[in-house]
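# Analysis of the macromolecular model
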Amino acid sequence: MVKKEKSKIGRYNKWGYIFLIPFFAVFVVFQLIPLFNTIYNSFFENYMSGLTQIGPNFVGLGNYKELLSNGDLGVYFKNTMIMWVMGFIPQIFFSLLFAAWFTNPSLKIKGQRFFKTVIYLPNLIMAAAFSMLFFTLFSRVGPINKMLISFGLIAKPYQFLSNVWSTRALIAFMNFIMWFGNTTILLMAGMLGISKDLYEAAEVDGATPTQIFFRITLPLLKPIFVYVMITSLIGGLQMYDVPQILTDGTGDPMRSSMTLIMYLNRHLYSKNYGLAGALSVILLLITAVLSLIVFRAMDFKKETK
Amino acid sequence: MKKNIGSIGIRRAIAYIVLVFFSILCLFWFVLLLVNSTRSNGELAGGFTLIPSRFFVINMTNLFKGSLPVVRGMLNSLIIAALSSILTVYFSTMTAYALTVYRFKGRTAILTFILAIMMIPTQVSALGFVNLVGAMGLEDSFIPLIVPAVASPVTFFYMKQYMSANLPMSLIEAARMDGAGEFKTFNMVCLPLMKPAIAVQMIFAFVASWNNYFIPSLVLYKDEKKTLPILIAQLRAADFLKFDMGQVYAMIAFSIFPVIVVYLFLSKYIVGGVTAGGVKE
């Protein structure tokens with residue numbers, strides 16, 4: 001009897017493997033094999049020089065050496081990080097502020113659904129179209145310049161996309177507008193998860209709202225805070241659509257808004273597979289380290305039980 | 001006590017002012033886009049206004065008759081986004097089902113593995129992906145943009161969370177008692193119970209595919225195969241000042257407004273769906 005029961009369970013459980021087949025078959029073909037192929041390519045010299053195909057010749061770590069020594073990688077990494085930080089600081093600041101306001105029972109903010117709907121909206125907009133929109137609005141003859149002139153704020157049109165910091169600021173601003181609503185909602189969920197008793201106890205003890213925020217909310221919010229921070233950083237490293245469309249892939253002025261993925265895209269288009277592969281592997285390693293931090297902070301393992 | 005109420009009043013007023021300011025900051029661009037898509041090239045060159053004009057239909061007609069295959073592009077985007085979002089939710093639910101309902105050897109290891117690959121950006125394997133598409137002869141085909149949606153760790157994670165909380169094992173056992181096969185039980189018992197989660201994830205998957213630019217731009221070359229983001233990039237690359245600006249705004253509006261309209265109807269579910277999966281409560 002016992003044996004029969006066990007075999008019956010076994011019979012059902014083999015379906016667990018069967019239902020996993022589609023996911024793993026597709027994962028292996030479209031993600032794992034390409035990933036190995038990318039890593040493999042990173043060890044070969046393989047590009048077009050004019051009309052002549054060079055390689056593929058095995059060069060070991062030659063591509064990595066070239067990437068790390070010619071200086072471009074460092075510049076583009078710096079660009080990417082500068083634009084990420086410029087967008088992320090206001091993003092985390094206002095998201096924390098709005099999440100605290102929305103969840104504060106004594107403030108009783110009305111129209112929360114409206115505000116949340118509006119601030120989340122830009123997150124769903126096609127980044128390519130949004131960038132094209134900003135490109136036209138902020139062009140020399142665009143409506144923003146016309147508006148600033150008619151308000152008397154500037155005398156002649158300002159070339160937003162010809163100056164290093166205004167270009168970077170536009171990109172950072174767009175990233176901020178697209179992501180602060182998402183972050184607000186995530187942080188709100190985290191704040192609502194904190195026990196009401198703690199706040200009440202603090203109020204009884206005479207703590208001010210500022211003290212409550214810094215001594216209770218922030219420390220208890222740490223796991224979600226780390227999650228938001230690292231996922232945003234990983235997203236920041238992947239920054240592509242906005243600067244690519246805004247600057248038409250040039251990363252101008254003087255490649256000051258060129259990001260790592262735009263650099264990768266350049267190598268892919270010019271079919272320099274060796275350097276593209278090595279760059280991908282470097283990006284993968286950075287992402288892996290960052291993911292590990294999220295993994296630790298969130299303690300995902302507990303959840304899988 | 002009175003002083004306390006007063007200070008709350010001030011704080012509340014500040015909160016409303018800042019929130020209204022940021023709402024305007026979010027909406028301003030789209031209002032400007034909407035207004036500008038109703039204005040003619042001449043009017044647009046004239047100056048800035050927030051008063052709509054009457055050239056919307058003319059701009060749209062010019063756009064459809066113009067050199068960019070926008071209607072075709074929208075159809076392509078629709079086909080790819082619809083099919084890949086269906087595949088994503090169906091197979092993510094199936095994968096979640098395998099790891100929620102069944103107990104087998106290596107289950108925890110597989111779960112950990114899927115969580116570990118969740119963060120890998122698609123860009124890092126793009127080179128191998130392009131090589132693979134070339135080797136399979138699938139350039140200018142939608143297959144490499146649709147089929148990979150079957151393996152979506154993020155959607156899987158959301159489904160797994162939802163299923164653990166909302167799928168009673170007793171129902172599955174009851175179906176088994178009635179002699180239903182495992183595959184039928186999944187389709188008939190599990191899928192209907194997952195409807196709310198499926199709806200939310202389908203919207204996210206659809207929007208993600210609709211907005212996707214990087215991978216399609218590496219796979220699609222022919223004009224009649226291109227999706228909207230690629231056409232937008234092409235518009236950006238063209239010599240901009242020669243364009244009828246009314247048409248440029250019409251093109252951007254054409255890509256953005258379908259998503260905004262859908263969002264306005266479904267915002268309650270979408271905003272609610274942002275948190276449920278990603279974050280531990």
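Being a predicted model, the structure only gives us computed values, none of them experimental.

In this section: the confidence of the model for chain A. Residue and element names in this part refer to chain A. For chain A, the mean per-residue pLDDT works out to 87, and 94% of the residues sit at or above 70. The secondary-structure element of chain A with the lowest mean pLDDT is helix α14 (residues 300–303), recorded at 48, while helix α11 (residues 241–246) shows the highest, at 94. For residues 301–305, every residue scores under 50 in pLDDT, and the model assigns this stretch eight contacts once sequence neighbours within four places are set aside.

Our focus in this paragraph is the pattern of salt bridges. Here the structure, examined in full by the defined rule, presents three salt bridges over all chains. Between A:Arg255 and A:Asp72 there is a salt bridge, and its shortest N-O distance comes to 3.7 Å. Highlighted residues: A:Arg255 in the loop between α11 and α12 (260–269) and A:Asp72 in helix α3 (residues 72–103), separated in sequence by 183 residues. Take A:Asp72: its relative accessible area is 21%, and that puts it in the partly exposed class. Between B:Lys226 and B:Asp223 there is a salt bridge whose closest N-O contact spans 3.2 Å. B:Lys226 sits in the buried class, given a relative accessible area of 11%.

Moving on, we get to the domain arrangement of chain B. Domains assigned within chain B are domain 1 (2–59) and domain 2 (67–238). Computed over C-alpha atoms only, the centres of domain 1 of chain B and domain 2 of chain B are separated by 36 Å.

Applying the stated criterion across every chain, the model contains one cavity of 30 Å³ or more. Volume-wise, the largest cavity comes out at about 50 Å³. Lining the largest cavity are A:Ile234, A:Leu237, A:Gln238, A:Ile261, A:Leu283, A:Thr287, B:Pro121 and B:Val124. Broken down by secondary-structure element, the contributors of at least two residues to the lining of the largest cavity are α10 (222–237) and α13 (273–298) of chain A. Residues belonging to the lining of the largest cavity are distributed by class as follows: six nonpolar, two polar and no charged.

All right, on to the packing of aromatic side chains then. Under the counting rule described, the total for this entry stands at 50 aromatic pairs over all chains. On the basis of an interplanar angle of 70 degrees and a centroid distance of 5.5 Å, the ring pair of B:Phe64 and B:Phe254 is categorised as edge-to-face. Here B:Phe64, found in helix α3 (residues 56–65), pairs with B:Phe254, found in helix α14 (residues 245–278); they are 190 residues apart in sequence, far enough to count as distant. Overall, B:Phe64 belongs to the partly exposed group, its relative accessible area being 40%. Sitting above the plane of the A:Phe135 ring, B:Arg236 keeps its charged end 3.7 Å from the centroid.

Moving on to unusual backbone geometry. All names here are of chain A. Following Asp252, the chain continues to Pro253 via a peptide bond in cis, the omega torsion being -5 degrees. As for its position among the elements, Pro253 is in the loop between α11 and α12. Positioned with a positive phi, Lys108 is a non-glycine residue whose angle comes to about 45 degrees. One can find Lys108 in the loop between α3 and α4 (112–120). Phi is positive for Asp248, which is not a glycine, with a value near 55 degrees. Given a relative accessible area of 33%, Asp248 falls into the partly exposed group.

Scoring rules and cut-offs
- Residues numbered from 1 in each chain as written.
- Chains lettered and ligands numbered in written order.
- Predicted model: local features only at pLDDT ≥ 70, side-chain atom pairs only at ≥ 80, totals over all residues.
- Heavy atoms only, no water.
- pLDDT = per-residue confidence, 0-100.
- Helix = DSSP H or I, 4+ residues; strand = E, 2+ residues; numbered from the N terminus.
- Contact = heavy atoms within 4.5 Å.
- Salt bridge = Lys/Arg side-chain N within 4 Å of Asp/Glu carboxyl O.
- Buried < 20%, exposed > 50% of the residue type's maximum accessible area, 1.4 Å probe, protein only.
- Domains from an automatic or database assignment.
- 1 Å grid on protein atoms, 1.4 Å probe; cavity = no way out; pocket = protein on both sides within 12 Å on 5 of 7 lines; lining within 4 Å.
- Points joined across faces, edges and corners; volume = space filled by probe spheres on them.
- Nonpolar A, V, L, I, M, F, W, Y, C, P; charged D, E, K, R; others polar.
- Phe/Tyr/Trp six-rings, centres within 6.5 Å; stacked < 30°, edge-to-face > 60°.
- Lys NZ or Arg CZ within 6 Å of the ring centre and 35° of its normal.

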